[in-house]
Amino acid sequence: MEDCLAKKMEITVSEAEKRTGRNAMNIQETYTAYLIETRAVESQSEGQCAPVDSLWRRYSEFELLRNYLSVTYPHIVVPPLPEKRADFVWHKLSADNMDPDFVERRRIGLENFLLRVASHPVLCQDKIFYAFLTQEGGWKEMVNDTGFQLKADSRLKALNATFRVKNPDKRFTELKHYSDELQSVISHLLRVRARVADRLYGVYKVHGNYGRVFSEWSAIEKEMGDGLQSAGHHMDVYAASIDDILEEEEHYADQLKEYLFYAEALRAVCRKHELMQYDLEMAAQDLTSKKQQCEELATGTVRTFSLKGMTSKLFGQETPEQREAKIKVLEEQIQEGEEQLKSKNLEGRDFVKSAWADIERFKEQKNHDLKEALISYAVMQISMCKKGIQVWTNAKECFSKM
């Protein structure tokens, strides 16, 4: 971690800007661009203020970067991007992806994504990632020149592997099941939170009616007027405070959403392992088949029914020369198959070792982050309740002075 980019460079997404332009289809579109600012840390330690480098990136470029990282490092739980469009929102919150509040939350999420990658012991060293932060022109061409799209596994192939792997790794099967459950639990939690926010908003705003009634009442009372007016003021303040409270809550909801999306990143690692295991099993099956064919040709016996065996019976046996030539070809294919199987086994073991090391790192990060977020959320709720008690305590004092 001492050598990670986050230790050497300050990275911020400091600004979001609404822009209009033309897309690849020459159709005018409105989009948001984000200003990434970087500053070298080393120069600051020498007492100098390092210059700030800055460049603009669209959300689609962040997506391209993440896709590249996911394909290039299939054994890594790649940090997720914040949502493109708002989900799990309570009714007063806009789901428009151009809404200023949503854009601001997404700006924070994009900065968090960059910091996650810059803090990762492997991802932080990637040259394409560094270029994303420092090289505005030509970056897209650079990432496309890596040919990462050609390495991407198709969803159909991944689905096929899921159903056809004969000997799945129990650890990855359990991890896949865990990621499904984690996503389900967090989704449910976010839905509950949205419902509570709706009701809480209504309860707080209704307290504003106390303020209006006390104010009207104070106008017809001489001795009680000042006390009622003051109590009404406290109620108005209480009713207005819910906007800031729910805005702060949204910050904790976004922290939970990050791990909602991390669940898919976990599944991506599991799918890659399934694909590798499927390829390994297919290679082993093909090698066994070729060895059997070679043995049958060498001994002249056929163990299983085949179209070839039936044809030879109908139209006569092959000559010894033809059989020898076929055996030679098969022996070469067997040798090549054994080397491929050995290579795939080695690749599979390396993948499992690297993937499991990163999964353990992720678990530690997840436990720390979610514990911190839930504690902070509880502290916020306690603070909110204390403010409510204080408002009614103040109202009580106002009534006592009447």
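Residues numbered from 1 in each chain as written. Predicted model: local features only at pLDDT ≥ 70, side-chain atom pairs only at ≥ 80, totals over all residues. Heavy atoms only, no water.

Draft legend 1. Summary view of the overall build of the protein chain. A count of helical and extended segments in the protein chain gives 13 helices and three strands. Counting over 402 residues, the protein chain shows a buried share of 39%. The long-range share in the protein chain, meaning contacts at least 24 apart out of those at least 6 apart in sequence, stands at 74%. In the form shown here, the protein chain has an accessible surface area of approximately 24000 Å², with 53% of it arising from carbon and sulfur atoms. (Helix = DSSP H or I, 4+ residues; strand = E, 2+ residues; numbered from the N terminus. Buried < 20%, exposed > 50% of the residue type's maximum accessible area, 1.4 Å probe, protein only. Contact = heavy atoms within 4.5 Å. Areas by Shrake-Rupley, 256 points an atom, 1.4 Å probe, with all protein chains shown as cover.)

Draft legend 2. View of the packing of aromatic side chains. Inspection of the entire model under this criterion finds 13 aromatic pairs. Between the aromatic rings of Phe62 and Phe113, the centroid separation amounts to 6.5 Å while the plane-to-plane angle is 65 degrees, which identifies the pairing as edge-to-face. Highlighted residues: Phe62 in helix α3 (residues 59-72) and Phe113 in helix α4 (residues 100-119), separated in sequence by 51 residues. Residues Phe62 and Phe113 agree in their burial class; the two are buried. Between Tyr262 and Phe362, the ring centres sit 4.9 Å apart and the planes meet at 50 degrees, which makes this aromatic pair tilted. One end of the pair, Tyr262, is in helix α11 (residues 242-299); the other, Phe362, is in helix α13 (residues 320-400), and 100 residues separate them in sequence. An identical accessibility class is assigned to Tyr262 and Phe362; each is buried. Aromatic rings pair up to connect Phe62, Phe113, Phe132 and Trp139 into one cluster. Above the face of the Phe132 ring, Arg57 is positioned so that its terminal group lies 4.8 Å from the ring centre. (Phe/Tyr/Trp six-rings, centres within 6.5 Å; stacked < 30°, edge-to-face > 60°. Lys NZ or Arg CZ within 6 Å of the ring centre and 35° of its normal.)

Draft legend 3. Local environment of the packing of α3 against α4. Where α3 meets α4, the axes come as close as 12 Å, and the angle between the chain directions of the two elements is 30 degrees. Compared by their axis directions, α3 and α4 come out roughly parallel. Helix-helix and strand crossings are classified by hand; for α3 and α4 the assignment is left-handed. Of the residues in α4, those in contact with Tyr59, Phe62, Leu65, Arg66 and Leu69 of α3 are Arg106, Leu110, Phe113, Leu114 and Val117. (Axes fitted to C-alpha atoms, helices over the stretch in contact; angles between N-to-C directions. Parallel < 35°, antiparallel > 145°, perpendicular 65-115°, else oblique. Left-handed = near helix turned anticlockwise from the far one by under 90°.)

Draft legend 4. Local environment of the environment of Val117. Checked against the element boundaries, Val117 lands in helix α4. Distance from Val117 to Val78, taken between C-alpha atoms, is 7.8 Å for residues 39 residues apart in sequence.

Draft legend 5. Examining a negative patch on the surface more closely. A contiguous patch of negative charge on the surface is contributed by Asp101, Asp244, Glu247 and Glu248. Counting residues per element, the negative patch draws most heavily on α11, which supplies three residues. As for its placement among the helices and strands, Asp101 is situated in helix α4. (Patch = residues over 30% accessible without salt bridge, like charges linked within 9 Å, V, L, I, M, F, W, Y side chains within 5 Å. Salt bridge = Lys/Arg side-chain N within 4 Å of Asp/Glu carboxyl O. Lys, Arg positive; Asp, Glu negative; His and termini not counted. Charge placed at Lys NZ, Arg CZ, Asp CG, Glu CD.)

Draft legend 6. Expanded view of the sheet that holds strand β2 (residues 28-40). The three strands lie next to each other as β1-β2-β3, forming an open sheet whose pairing is antiparallel. Edge positions in the sheet fall to β1 (9-22) and β3 (53-58), since each has one partner strand and no second. Pairs of neighbouring strands in the sheet enclose a mean axial angle of 25 degrees, with direction left out of account. Here β1 pairs with β2 via 13 bridges, running antiparallel. (Pairing = 2+ DSSP bridges.)

Draft legend 7. Just the nonpolar core, in detail. Counting residues in hydrophobic clusters, the biggest one holds 34 residues, and the most contacted among them are Phe62, Leu65, Leu114 and Leu133. Only β1, β2, α3, α4, α5 (127-134) and α6 (139-145) provide two or more residues apiece to this core. In this structure, Phe62 is in contact with Tyr34, Ile36, Arg57, Leu81, Leu110, Phe113, Leu114 and Phe132, ignoring residues within four places of it in sequence. Judged by nonpolar contacts, the second largest core, of 24 residues, contains Leu190, Ala263, Leu266 and Val269. (Core = buried A, V, L, I, M, F, W, Y, C linked by side-chain atoms within 4.5 Å.)

Draft legend 8. Up close: the pairing of β2. Two strands pair when backbone bridges link them, and β2 and β3 are joined in this way by six bridges, in the antiparallel orientation. Residue pairing for β3: Thr38 is matched across the bridge by Asp53.

Draft legend 9. How the structure looks around helix α10 (residues 225-240). Over its 16 residues, α10 extends 23 Å from the first C-alpha to the last, a length consistent with the 22 Å expected when each residue adds 1.5 Å. For α10, the complete set of buried residues consists of Gly225, Gly227, Leu228, Ala231, Gly232, Met235, Tyr238 and Ala239. On an axial view of α10, the arc spanned by its buried residues comes to 160 degrees, and they lie on one face. Of the surrounding secondary structure, the elements contacted by the buried residues of α10 are α9 (170-218), α11 and α13. (Expected span 1.5 Å × (residues − 1). Arc of directions from axis to C-beta.)

Draft legend 10. Region of the structure containing the pattern of salt bridges. On inspection of all chains with the given rule, the structure shows 24 salt bridges. The salt bridge involving Arg267 is made with Asp180; its shortest N-O contact spans 2.8 Å. A residue pair is termed long-range when its members are at least 10 positions apart, and Arg267 in helix α11 and Asp180 in helix α9 qualify at 87 residues. A residue is classified by how much of its surface remains accessible, and Arg267, at 10% relative accessible area, is buried. One salt bridge connects Arg193 with Glu249, and the closest N-O pair in it is separated by 2.8 Å. Remark: Glu249 occurs in helix α11 and Arg193 occurs in helix α9; sequence separation between them is 56 residues. Across the pair, Glu249 and Arg193 agree in class, each one buried.

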